[in-house]
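Breakdown of the fold
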Amino acid sequence: ILGYDGSFMTPECGGNCYSDWLGVVEANVGVNKANYFIKRSFDLKVVNDGVDIRRILSINFQNPANSALGLSGRYKVYIRIAVPNDSEVTGARIISGQDISEVTPEITDIAGRREAGFLLEVPAQQTKSLIVEWQKPSTLSVDSPGEYRLFWRKQAGTNQDPISVKIDFSLTGQREYVYNTVLARDYFSRIS
């Protein structure tokens, strides 16, 4: 009842309504406290092309820890991106400076959701981005009144990280809604 069980809310709606959700869960596996230093931000783009709803999530990590800390300042993290279980994870890559590496996630279907897992290391004084893409057939018609709902589950214990949500539901690409905020608690938006 209080929501302390770690479960994911999976909202639903009827009619010409599409209910979408995601959650990001990080686990520091570096046997250190480097997550104290980490600054992260999120950029999510949602595109309805009339056939599929595609999502592109970029998680940007900056590790300002002093490099004199050595391995104690390295952030080694296992990240899980939780999405609806009937979504297809279509791509993932890690960007570090000018280097772009395609990565293959560990896919797990559990408790009505699909999780894509990644191991990432961010050494002290470096930045890296993890970009994950997934899609699912769209049931939302852009030709008649409707609603798109987005629920973003915040991981307990993390900072108020900046997020940018861009939603493009026009088939011509001429109209994009952008919302910038901080993920201080679970995020919920409704676009009619």
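Here's what I pulled together on the structure shown here.

The rules behind each value
- Residue positions within a chain follow its written sequence, with the count starting from 1.
- Restriction of local features to residues with pLDDT of at least 70 applies here, the model being predicted, together with a cutoff of 80 or more for giving and counting side-chain atom pairs; totals for whole chains, interfaces and linings are based on all residues.
- Side-chain metrics in this entry use all non-hydrogen atoms of the structure; hydrogen atoms and water are not considered.
- What counts as a helix is a DSSP run of H or I of at least four residues, what counts as a strand is a run of E of at least two, and both are numbered from the N terminus.
- Radius of gyration means the value over C-alpha atoms here, while the globule rule gives 2.2 Å times the residue count to the 0.38 power.
- Working definition: with a 1.4 Å probe on protein chains only, accessible area under 20% of the residue-type maximum means buried, over 50% means exposed, and in between means partly exposed.
- In this description, contact between two residues means that some pair of their heavy atoms is separated by no more than 4.5 Å.
- Per-residue and other accessible areas follow the Shrake-Rupley method at a 1.4 Å probe size, with only the shown protein chains counted as cover for residues.
- Positive charges come from Lys and Arg, negative ones from Asp and Glu, while His and the chain ends are left out of the count.
- For charged residues, the charge sits on one atom: NZ in Lys, CZ in Arg, CG in Asp, CD in Glu.
- DSSP bridges decide pairing: two strands pair if at least two such bridges lie between them.
- Axis definition: a line fitted to C-alpha atoms, over the contacting stretch in the case of helices. Angles run 0 to 180 degrees between N-to-C directions.
- For Phe, Tyr and Trp, where Trp contributes only its six-membered ring, two rings pair if their centres lie within 6.5 Å, and the inter-plane angle classes them as stacked under 30 degrees, edge-to-face over 60, or tilted in between.

1. Quick word on the overall build of the protein
Along the backbone of the protein there are zero helices and 13 strands. Its C-alpha atoms give the protein a radius of gyration of 17 Å, near enough to 16 Å, the size a compact globule of 192 residues would have. Going through the 192 residues of the protein one by one, you find that 44% of them count as buried. Within the protein, counting contacts between residues at least 6 apart in sequence, those at least 24 apart form 73% of the total. With the model as given, the accessible surface of the protein reaches about 10,400 Å², and the carbon-plus-sulfur share is 48%. The positive charge centre, built from 21 side chains, and the negative charge centre, built from 22, are 6 Å apart in the protein.

2. Thoughts on the sheet that holds strand β13 (residues 187-191)
Taking strand neighbours across the sheet as the criterion, the six strands line up as β7-β8-β4-β1-β10-β13 in an open arrangement whose pairing is mixed. Two strands bound the open sheet, and with one partner strand each, they are β7 (106-110) and β13. On average, each strand axis in the sheet is tilted by 20° relative to the strand beside it, whichever way the strands run. Here strand β4 (residues 75-84) runs beside strand β8 (residues 113-122); their pairing, made up of ten bridges, is antiparallel. Among the inter-strand pairings, I81 is bridged to a residue of β8, identified as A116.

3. Digging into the packing of aromatic side chains
As enumerated under the stated definition, the model contains six aromatic pairs in all. When the ring of Y18 is compared with that of Y148, the centres are 6.1 Å apart and the planes differ by 10°; the resulting orientation is stacked. With Y18 in strand β1 (residues 17-28) and Y148 in strand β10 (residues 147-153), the pair connects residues that are 130 residues apart, well separated along the chain. The pair formed by Y18 and Y148 is uniform in burial state, with each residue classed as buried. Three or more aromatic residues link up through ring pairs in this structure, and these residues are Y18, Y148 and F169.

4. Thoughts on the sheet that holds strand β2 (residues 39-48)
Backbone hydrogen bonds hold the strands of a sheet together, and the pairing may be parallel or antiparallel. With mixed pairing, the seven strands of this open sheet are ordered in space as β6-β5-β9-β3-β2-β11-β12. For this open sheet the edge positions go to β6 (99-102) and β12 (177-183), each flanked by a neighbour on one side alone. Averaged over all neighbouring strand pairs, the angle between strand axes comes to 15°, with direction disregarded. With four bridges connecting them, strand β5 (residues 88-96) and β6 associate as antiparallel partners. The residue bridging R93 from the neighbouring strand is E102, located in β6.

Any functional reading would require information beyond the geometric quantities listed.
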